[in-house]
Amino acid sequence: MNVLNASGWKPGTPVPAGDDFSTVSGNRGLMLEEPLIFEIGTTETTGIDLPEPAADGPSRLGKHARTSAIGLPGLSEPETVRHYTRLSRQNYAIDCGIFPLGSCTMKHNPRLNEKVARMPGFADVHPLQPVDTVQGALGVIDELAVWLIELTGMHSVAMTPKAGAHGELCGILCIKAALQARGEDRRVILVPESAHGTNPATAAFAGFTVEGIPADANGRVDLAALTGRLGPDVAGVMITNPNTCGLFERDMKAISDAVHAAGGYVYCDGANFNAIVGRVRPGDLGIDAMHINLHKTFSTPHGGGGPGSGPVVLSEALSPYAPLPFTERQADGHITLVEEETAGDRHPQSFGRMSAFHGQMGMFTRALAYILSHGADGLRQVAEDAVLNANYMLRSLEDLLDAPFAASGPCMHEALFSDARFAKSVSTLDVAKALIDEGFHPMTMYFPLVVHGAMLVEPTECESKASLDQFIASMRAIAERANAGDENLGAAPMLAPRRRVDETAAARKPRLVWREPAA
Ligand SMILES: *Cc1c(COP(=O)(O)O)cnc(C)c1O
């Protein structure tokens, strides 16, 4: 089923043509190459015709008229459209194939959501419109809030944070405000070593000192180590559940009880809510604050830096400190916006604002469309199918790939592998690059840090068995080569327009301006 092995093609050798590929899946590395617009356009060409200005008349541009050529390349309109369309197709996307990035929950974005979000009544409203003219839009925010509270069993929700990490900050600022209100100066936030990188970053950004908590041999938080560290200086813990090893933290309730008994608060990173939505209510586990990535669990688009949306559900203890503004439905159905001017005595302890306006309206609309089209039963099935798919992945690969925690039972929504069985000469990076030649986006690699050479695969519930099998076939073929020490793996990707780039230099010394090559 896969390009490299079914065809017998060896990386580093010319790619066979025509019939040689008749036996393969059809998946190929990205083969489109597209030059820069500077390389295909010329300064003599333009896509638009403007009438020549009258030679003798006064210039309407006055002193703003150009005196020298602009020097930008021009293309005709169809050439321009094709250039940008081809560029857009260099992006691997969930609409192109399985996107197995662990921890990212790359789901299909149902087109129904898009249709609803584009309705002019939602798409064209402005955040400064009088509330009487946007009752429908506020109703969407309010109804979504009710669903999120119901699904999590929490007391309230702050809708305005605009991404997961932004939501973490919101939750931690609530904890900070609550401690201030108690007159306590607790400085330490405990974060398990398997945490998402945003967790310690958030705690540090909010002014706390971060201390790590080790994982036990089964990939879960070491309960004894955590409870042993609790004390009057600990503000709280930040725990991802299900955690980044793809495992449910079974001791969550015991952890919450111990943290509360020691006077701290429990932040739960809820980015992995997809694995438990409809099955587990974080409120029942004693959690005080948790962000929900609408762009993960509730299938709003993500990637490319946004837009995302990270509402934060809060316990009763933290609700008084929630940010403004928020919606409030009156007995007559009318929705008001509680803002600084109107909050008054009703919400005096708010820590402030997370964003200028009400949050990511387009994401709210999509998420509510997704929730309503699934219903409570459908959402529960989402979690069940996501977990089923991940376990199918785990069990289909564990004979070839080391799966560090597979022996301790089923995984949640993502399957975790390590590089333990690879030949010495082969790295996790080589395997990820080889997946590109198979026409797939690589999985998350080298994360979580607790596993050496980690590969984290999250298929989500959206993939059919056929598409899982296709990916598994490619992974098996690559794993066999990796375990056997196939040196050609070091050359992957062969079929993509770019081979191995210097990722460090690309990040540290980016060259963002095109310069004409020296003649
Ligand atoms: C995605 C993710 C985050 C951060 O969410 P953003 O929306 O990217 O800021 C935090 N924690 C975990 C576990 C995640 O998977």
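These lines cover the structure that appears in this document, whether it is placed above or below. (Residues numbered from 1 in each chain as written. Predicted model: local features only at pLDDT ≥ 70, side-chain atom pairs only at ≥ 80, totals over all residues. Heavy atoms only, no water.)

Applying the stated rule across the entire model yields 3 cavities of 30 Å³ or more. Approximately 50 Å³ is the volume attributed to the largest cavity. In terms of lining, the largest cavity is formed by C245, L247, L394, F405, A406, G409, C411, E414, A415 and L416. Tallied by class, the residues present in the lining of the largest cavity amount to 8 nonpolar, 1 polar and 1 charged. (1 Å grid on protein atoms, 1.4 Å probe; cavity = no way out; pocket = protein on both sides within 12 Å on 5 of 7 lines; lining within 4 Å. Points joined across faces, edges and corners; volume = space filled by probe spheres on them. Nonpolar A, V, L, I, M, F, W, Y, C, P; charged D, E, K, R; others polar.)

For the rest of this paragraph, the subject is the sheet that holds strand β7 (residues 312-314). Taken together, the 7 strands give an open sheet; going across it, the order is β1-β7-β6-β5-β4-β2-β3, and neighbouring strands pair in mixed fashion. The two strands at the open ends of the sheet, each matched to only one other strand, are β1 (156-158) and β3 (209-213). Averaged over all pairs of adjacent strands, the angle between their axes in this sheet comes to 25°, without regard to strand direction. Where strand β4 (residues 234-240) meets strand β5 (residues 265-269), 5 bridges bridge the pair, whose relative direction is parallel. From the neighbouring strand, V237 faces β5, where its bridge partner is V266. (Pairing = 2+ DSSP bridges. Helix = DSSP H or I, 4+ residues; strand = E, 2+ residues; numbered from the N terminus. Axes fitted to C-alpha atoms, helices over the stretch in contact; angles between N-to-C directions.)

Okay, the packing of aromatic side chains next. If you walk through the whole model with that rule in mind, you get 4 aromatic pairs. Their ring planes at 70° and their centres at 5.5 Å tell us that Y92 and F99 sit as a pair that is edge-to-face. Classification of Y92 by relative accessible area gives buried; the value is 18%. On the accessibility criterion, F99 (9% relative accessible area) is buried. Note on F298 and Y370: the rings are 6.4 Å apart at their centroids and 70° apart in plane angle, and the pair reads as edge-to-face. With F298 in the loop between β6 (289-291) and β7 and Y370 in helix α12 (residues 361-397), the pair connects residues that are 72 residues apart, well separated along the chain. Here F298 and Y370 have matching classes, each one buried. Over the ring of F208 we find K176; its NZ or CZ atom is 5.9 Å from the centre of that ring. (Phe/Tyr/Trp six-rings, centres within 6.5 Å; stacked < 30°, edge-to-face > 60°. Buried < 20%, exposed > 50% of the residue type's maximum accessible area, 1.4 Å probe, protein only. Lys NZ or Arg CZ within 6 Å of the ring centre and 35° of its normal.)

Side chains bearing opposite charge may pair, as long as their charged atoms lie close to each other. Tallying each qualifying case throughout the model produces 24 salt bridges. As a salt-bridge pair, K107 and E461 come within 2.9 Å of each other at their nearest N and O atoms. Of this pair, K107 sits in the loop between α3 (77-88) and α4 (111-117) while E461 is found in the loop between β12 (455-457) and α14 (465-484), placing the two residues 354 residues apart along the sequence. Note on K107: relative accessible area 4%, which makes it buried. Between D142 and R329 there is a salt bridge, with its nearest N and O atoms 3.1 Å apart. Taken together, the residues span a long stretch of sequence, with D142 in helix α6 (residues 135-152) and R329 in strand β8 (residues 326-329) at a distance of 187 residues. Residue R329 is classed as partly exposed on the basis of its relative accessible area of 44%. (Salt bridge = Lys/Arg side-chain N within 4 Å of Asp/Glu carboxyl O.)

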